[in-house]
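Breakdown of the fold
One-letter residues, chain by chain:
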Amino acid sequence: MAQKTAPDSTRRSERSRRAIYDAALALVTEAGYAKLTIEAIAARAGVGKQTIYRWWPSKGAVLLDAFLDLAEQASRAASENAGQDAVQTEITDSGDLEADLKFVMRATVDEFNDSKYDAPYRALAAEGLLNPELGEEFVAKLLEPQLQLFVNRVRRAQDAGHVLPDVDPRIALELWASPLAQRWLMRSGPLTHAYADKLVEYALYGITPRPTAS
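Residues numbered from 1 in each chain as written. Predicted model: local features only at pLDDT ≥ 70, side-chain atom pairs only at ≥ 80, totals over all residues. Heavy atoms only, no water.

1. Looking at the UniProt feature "DNA-binding region" (unreviewed entry) in the protein
How we decide: UniProt positions are given in the numbering used here, feature names are shortened, and annotations may be inferred rather than shown by experiment. The helix count covers DSSP runs of H or I at least four residues long, the strand count covers runs of E at least two residues long, and both are numbered beginning at the N terminus.
As annotated in UniProt, the feature "DNA-binding region" (unreviewed entry) corresponds to residues 37–56 in the numbering used here. Annotation note: span residues 37–56, helix share 75%, strand share 0%, distance between end C-alpha atoms 13 Å.

Structure follows, in structure tokens:
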């Protein structure tokens, strides 16, 4: 007689977690964050709400983890499509800072314009203003790692003599990253590759004529 094996609780938990992530992302896109509830997530995922409360303290925490997982999957898929063995963790250094920044900024525009990212990203940005604890986690886990990529690339440009040595990379990145985020968040204008390119150009070369040598 064949011996029955015990159910794999780890696999079952991972299936439930994946279903919860999918449910949270789908519901925030369909109904908005205000109407997102733990009960609705549980019903869509086919789990009990106590299962969710056992792992997360709030709907915001669920959505943050779901969005982080979505971003990780997208990064891994992009690396696989590029034929890389591992997820790329730095901005490519081609020796041309302008080209490298434009490449990443264009990719950011594409992400902001993608419906599967837009609703959860906006929800987390808004909730982070009302919930300081979630806001700190949102910055630490999502925003800060992305900003650090720009910091590292500017520092490498400094080492190569392509950026002035006294430039603060953290302030410098805000010259192109912050306007893009503001336009997206406030919907104050279209997000295009051309706009992203101009932000990089203005940040690197300024907007006033340079004095000519007499």
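2. Remarks on the packing of helix 5 (residues 97–112) against helix 9 (residues 193–205)
Note the cut-off: All axes are obtained by fitting lines to C-alpha atoms, using only the stretch in contact for helices, and the reported angles, taken between N-to-C directions, cover 0 to 180 degrees. Crossing handedness is defined as follows: a turn of the near helix away from the far one that is anticlockwise and smaller than a right angle gives a left-handed crossing, while the clockwise case is right-handed. The contact criterion used is simple: two residues touch if any of their non-hydrogen atoms lie within 4.5 Å. Gly falls in the polar group here, along with every residue not listed as nonpolar (Ala, Val, Leu, Ile, Met, Phe, Trp, Tyr, Cys, Pro) or charged (Asp, Glu, Lys, Arg).
The contact between helix 5 and helix 9 brings their axes to 9 Å, and the two run at 145°. Between helix 5 and helix 9 lies a crossing whose hand is right-handed. Within the contact between the two elements, helix 5 uses Leu97, Glu98, Leu101, Lys102, Met105, Arg106, Val109 and Asp110 and helix 9 uses His193, Ala196, Asp197, Leu199, Val200, Glu201, Leu204 and Tyr205. For the contact of helix 5 with helix 9, the residue count by class is 9 nonpolar, 1 polar and 6 charged.

3. Section: helix 8 (residues 169–186)
What counts, and what does not: Multiplying 1.5 Å by the residue count of a helix minus one yields the expected span of that helix. Note on bend: the value at a residue is the angle between axes fitted to the seven residues ending there and to the seven starting there. For every residue, the accessible area (1.4 Å probe, protein chains only) is compared with the maximum for its type, and the residue is labelled buried under 20%, exposed over 50%, or partly exposed between those bounds. Distance and chemistry together define a polar contact, namely a pair of N or O atoms within 3.5 Å, with one atom able to donate a hydrogen and the other to accept it when in protein, and with adjacent residues in sequence counting only for side-chain atoms on both sides.
Here helix 8 is 18 residues long and its end C-alpha atoms lie 25 Å apart, about the 26 Å a rise of 1.5 Å per residue gives. At leucine 175, helix 8 is bent by approximately 40°, the largest bend along its length, and proline proline 179 sits one to four residues beyond. Of the residues making up helix 8, those classed as buried are Pro169, Ala172, Leu173, Trp176, Ala177, Leu180 and Trp184. Those residues of helix 8 hidden inside the fold are in contact with helix 5, helix 6 (115–130), helix 7 (132–159) and helix 9. In this structure aspartate 168 caps helix 8, since a side-chain oxygen of it lies 2.9 Å from the backbone nitrogen of arginine 170. Of the residues flanking the end of helix 8, it is arginine 187, one or two places downstream, whose phi is positive at about 55°.

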